[in-house]
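Listed below, chain by chain, are the residues.
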Amino acid sequence: MNRAFYVTTPIYYISGNPHIGHAYTTVVADVLARTARTSGPAFFLTGTDEHGQKVANAASAAGKSPQQWCDDLIPRWQGLFAAYHVRYDDFIRTTQPRHERAVQAVFERLRDNGDVYLGKYEGWYCVADETFWLESKLVDGKCPTCGREVQWLSEDDWFFRLSKYRDRLLEHFRSNPEWVRPRSVYNEMMALLEEGLEDFSISRTNFDWGIPIPGGGGVIYVWFDALLNYITAIGWSTDDARFRTYWPASVQLIGKEIARFHTIIWPSILFALGEEAPQLVFAHGWITVDGQKIGKSWGNAVDPFALAERFGADSMRYFLLREAPFGSDFSYSEEKIAQRHNSDLGNDLGNLLRRSLAMLEKYREGIVPPAPGESAFAQRFADLPLRVREQILDLRFREALEDVWELVTALNRRIDDEKPWVLAKSADDASARQLDGLLYDLCEGLRWLAVLLHPVMPERTQEMWRQLGLVDGIDRDWSVLRWGELAQGTRTLPGDALFPRIEFVSS
Ligand code: ME8
């Protein structure tokens, strides 16, 4: 079946300014979507989570209505993604009527089939995390996740029959050991499942900033509302053909702190609706500063706009994907970003382009010479595009970049070994042919690099493409990338440095 690739990010709480952690997940999704699009249809969804008490409180502190407050913040979020060269297909806001109507339809469907029922809720609640807690889970009487005070709630609520789906979910985990990655998160979630699951409240009556429960009785719990965005955006209940094209999602990206919502509650809601669980939920690690997770409420949030401005969005994207194996935490520092920018990007890649085009200019008037024909060099890299695509779509970004860098290194080494400046001085035909072959391979290698790095660095690779004298085709299908396709006679257009050096003075 020709199903489209569908990737999602969490929808972010709109209650504050975006930080680098939000850019991280969204950039990763963008890289996946751009890579998938080279071989078929792909759909990339992100958005904002706009309901709940936290948002209502923040709006009221700012003296605005919650809707006004959200509307005022949206440009900042969308601006962040634009600043990081993210190209999503849809941006869902949970206050949009398309979403609200579909969430109400889910509620009614599950109430009709008995998976949603009326009961009494009494227990602890953390507003900052919008999470209910059992007494036994509290740490010193406070929220175990964020350490804040919790409040006691006692209300008549609608409940979701989560307990009913435990066995099915356990079976799903057992027969699909790769559906939650990394393995550490899978194991943690399995342990929770083995402990047992309790039904949970999905309605709130002590505030009204949420989707009204059909027929009255408060508003729908913000997580129940938010999780459904992944299917309301693609036409669940309104456009079945579209929905079936995309669901189940290929990859749902999340930070590991929200794994329980996405791997236990979310698939159970889907099962209750008669739908399949997503194919993969990947719970990635945290970007930390001094060992602490970066978060908007922690006072250590780093302004992601300033970072993109200072280092360039594409260098930031490269750093985020290259710095750590995807899944692990990693610490962030401007020094590390500057190092990646200056070394991998400036010295290795940027200089390769600059040197190659300068030599072509000097020795062949900037015109691409004839292709050398079959070579061991071309042979060595023949499977690189498909290998890299597989690694990216398997979320092994660091390995993919390391493999691409083998080509960067090999091309740089050929310049050092074959010494074009010596070849250019000798008058014999063999040297001239060797120089032609080398210059051709350098340009062809750079063309490949632009193609393979395009999903990661969409803007800088476009500039490489332009300097190589190329116009269309940077987003071509990687499976038909062949060494030797670069046309003889192409006029290259050397330009400014791709990654100008950034002086970094550590404070
Ligand atoms: O949890 N490192 O929204 P949120 C890496 N609205 N990624 C980080 C990060 C960090 N330090 N900090 C945040 C919510 N993230 C809910 C989600 S989904 C139906 C509802 C990223 O604004 C990471 O993807 O708190 C994390 O899961 C997400 O932002 C949390 O965003």
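Source: prediction; values computed, not measured. (Residues numbered from 1 in each chain as written. Predicted model: local features only at pLDDT ≥ 70, side-chain atom pairs only at ≥ 80, totals over all residues. Heavy atoms only, no water.)

Peer 1: Teacher, can you tell me more about the environment of Ala 450 here?
Peer 2: Mapping Ala 450 onto the fold places it in helix 18 (residues 429-453). Look at Ala 450 and you get buried, because its relative accessible area is 0%. As for Ala 450 and Trp 209, which are separated by 241 residues in sequence, their C-alpha atoms are 47 Å apart. Once residues lying within four places of it in the same chain are set aside, the contact partners of Ala 450 are Thr 461, Met 464, Trp 465 and Ile 474. (Helix = DSSP H or I, 4+ residues; strand = E, 2+ residues; numbered from the N terminus. Buried < 20%, exposed > 50% of the residue type's maximum accessible area, 1.4 Å probe, protein only. Contact = heavy atoms within 4.5 Å.)

Peer 1: Can you help me understand the site of the ligand in this one?
Peer 2: Taken together, 25 residues lie around the ligand, and Ile 11, Thr 25, Asp 49, Glu 257 and Ile 294 are the ones closest in. The contact in question runs from an oxygen atom of the ligand to an N or O atom on the backbone of Tyr 13, over 2.9 Å. Within the complex, 96% of the 670 Å² of free accessible area of the ligand lies under protein. Of all elements in the fold, only strand 1 (5-13), helix 1 (20-37) and helix 7 (222-227) reach the threshold of two or more residues within the shell around the ligand. In the shell around the ligand, the residues fall into 13 nonpolar, 8 polar and 4 charged. (Near = heavy atom within 4 Å. Polar contact = N/O pair within 3.5 Å; in protein donor to acceptor, adjacent residues only side chain to side chain. Areas by Shrake-Rupley, 256 points an atom, 1.4 Å probe, with all protein chains shown as cover. Nonpolar A, V, L, I, M, F, W, Y, C, P; charged D, E, K, R; others polar.)

Peer 1: Teacher, can you tell me more about the sheet that holds strand 5 (residues 131-133) here?
Peer 2: Strands in a sheet are paired, the pairing made by backbone hydrogen bonds, and the direction either parallel or antiparallel. Taken together, 4 strands build an open sheet; the order of strands is 5-4-6-8 and the sheet is antiparallel. At either end of the open sheet lies a strand with only one pairing partner, and these are strand 5 and strand 8 (200-201). In the sheet, strand 4 (residues 116-126) pairs with strand 6 (residues 151-160) via 10 bridges, with the strands oriented antiparallel. Among the inter-strand pairings, Tyr 117 is bridged to a residue of strand 6, identified as Phe 159. (Pairing = 2+ DSSP bridges.)

Peer 1: What is the right way to look at the pattern of salt bridges in this model?
Peer 2: A side chain with one charge may pair with a side chain of the opposite charge, provided their charged atoms come close. In total, this model carries 38 salt bridges according to the counting rule given. Close ionic contact of Arg 476 with Glu 485 constitutes a salt bridge, the shortest N to O distance being 3.6 Å. Under the relative-accessibility criterion, Arg 476 is labelled partly exposed at 25%. Several salt bridges share partner residues, and in doing so they unite Arg 181, Asp 394, Arg 396 and Glu 399 into one network. (Salt bridge = Lys/Arg side-chain N within 4 Å of Asp/Glu carboxyl O.)

Peer 1: Is there a simple way to explain the packing of helix 11 (residues 304-311) against helix 12 (residues 313-322) in this structure?
Peer 2: Helix packing for two helices is described by the angle between their axes and how far apart those axes are. Following both chains from N to C, one finds helix 11 and helix 12 inclined at 110°, their axes separated by 6 Å at the closest point. As far as their axial angle goes, helix 12 and helix 11 are roughly perpendicular. Judged by residue contacts, Leu 307, Ala 308 and Phe 311 of helix 11 engage Ala 313, Ser 315 and Met 316 from helix 12. Taken together, the residues of the contact of helix 11 with helix 12 sort by class into 5 nonpolar, 1 polar and no charged. (Axes fitted to C-alpha atoms, helices over the stretch in contact; angles between N-to-C directions. Parallel < 35°, antiparallel > 145°, perpendicular 65-115°, else oblique.)

Peer 1: I'm lost on the side chain of His 341 in this one. Help?
Peer 2: When you line up the elements, His 341 lands in helix 13 (residues 334-364). Those residues in contact with His 341, other than ones at most four positions away along the chain, are Phe 311, Ser 315, Gly 346, Phe 499, Pro 500 and Ile 502.

Peer 1: I tried to follow the packing of aromatic side chains on my own but got confused; where do I start?
Peer 2: Aromatic ring pairs: the centre-centre distance and the angle between the two ring planes describe each pair. In this structure the tally under the stated criterion is 33 aromatic pairs. Look at Phe 173 and Tyr 186: their rings are 5.4 Å apart centre to centre, the planes differ by 40°, and that puts the pair in the tilted class. One end of the pair, Phe 173, is in helix 5 (residues 166-175); the other, Tyr 186, is in helix 6 (residues 183-195), and 13 residues separate them in sequence. For Tyr 186, a relative accessible area of 6% translates into the label buried. Taken together, the ring pairs connect Tyr 6, Phe 43, Tyr 230, Phe 243, Tyr 246, Trp 247 and Trp 266 into an aromatic cluster. Looking at Arg 260, its charged tip hangs above the ring of Trp 133, at a distance of 5.8 Å from the centre. Positioned over the ring face of Phe 377 is Arg 414, at 4.7 Å from the centre of the ring. (Phe/Tyr/Trp six-rings, centres within 6.5 Å; stacked < 30°, edge-to-face > 60°. Lys NZ or Arg CZ within 6 Å of the ring centre and 35° of its normal.)

Peer 1: Just to check I follow, could you spell out the packing of helix 5 against helix 10 (residues 259-272) for this structure?
Peer 2: In contact at an axis separation of 10 Å, helix 5 and helix 10 are set at 110° when each is read in the N-to-C sense. By the angle between their directions, the pair helix 5 and helix 10 is classed as roughly perpendicular. The chirality of how helix 5 crosses helix 10 is right-handed. From helix 5, Arg 168, Leu 169, His 172 and Phe 173 reach across to helix 10, where they touch Thr 263, Ile 264, Pro 267, Ser 268 and Phe 271. Across the contact of helix 5 with helix 10, the residue classes break down as 5 nonpolar, 3 polar and 1 charged. (Left-handed = near helix turned anticlockwise from the far one by under 90°.)

Peer 1: What am I meant to see in unusual backbone geometry here?
Peer 2: The bulk of non-glycine residues show a negative phi, and the bulk of peptide bonds are trans. The omega angle of the peptide bond from Arg 181 to Pro 182 is -5°, so this bond is cis rather than trans. Residue placement: Pro 182 occurs in the loop between strand 7 (180-181) and helix 6. Here Trp 247 and Pro 248 are connected by a cis peptide whose omega angle stands at 0°. For Pro 248, the position within the fold is in the loop between helix 9 (240-246) and strand 11 (251-255).

Peer 1: How do you make sense of the sheet that holds strand 12 (residues 281-284) when you look at a structure like this?
Peer 2: The sheet built from 6 strands is open, its strands ordered 3-2-1-11-12-7 with parallel pairing. Whereas interior strands pair on both sides, the edge strands pair on one side only; in this sheet they are strand 3 (90-93) and strand 7. Sheet analysis places strand 1 next to strand 2 (residues 42-49), joined by 7 bridges and oriented parallel. Directly across from Val 7, in strand 2, lies its bridge partner Phe 44. Sheet contacts for helix 1: strand 1, strand 2, strand 11 and strand 12; angle to strand 1, the most-contacted strand, approximately 165°. Helix 10 rests against strand 7, strand 11 and strand 12 of the sheet, and its axis sits at about 140° to strand 11.

Peer 1: Can you help me understand the nonpolar core in this one?
Peer 2: In this structure, Leu 32, Tyr 84, Leu 253, Leu 349 and Leu 449 are the most contacted members of the largest nonpolar core, which totals 109 residues. Residue contributions to this core peak at 13 residues, all from helix 18. Leaving out residues up to four positions away in the same chain, Leu 349 has contacts with Asp 344, Trp 405, Val 408, Leu 449, Leu 453, Met 457, Met 464 and Phe 499. Counting residues in each nonpolar core, the second largest holds 69 residues, with Leu 110, Met 190, Phe 271 and Ala 277 among its members. (Core = buried A, V, L, I, M, F, W, Y, C linked by side-chain atoms within 4.5 Å.)

Peer 1: Hey, could you run me through helix 1 in this one?
Peer 2: An α-helical segment advances 3.6 residues per turn. Residues three or four places apart therefore align on the same side. The end-to-end C-alpha distance of helix 1 is 25 Å, a good match for the 26 Å that 18 residues give at a rise of 1.5 Å each. Counting buried positions along helix 1 yields 17 of 18 residues, so the element is predominantly enclosed. (Expected span 1.5 Å × (residues − 1).)

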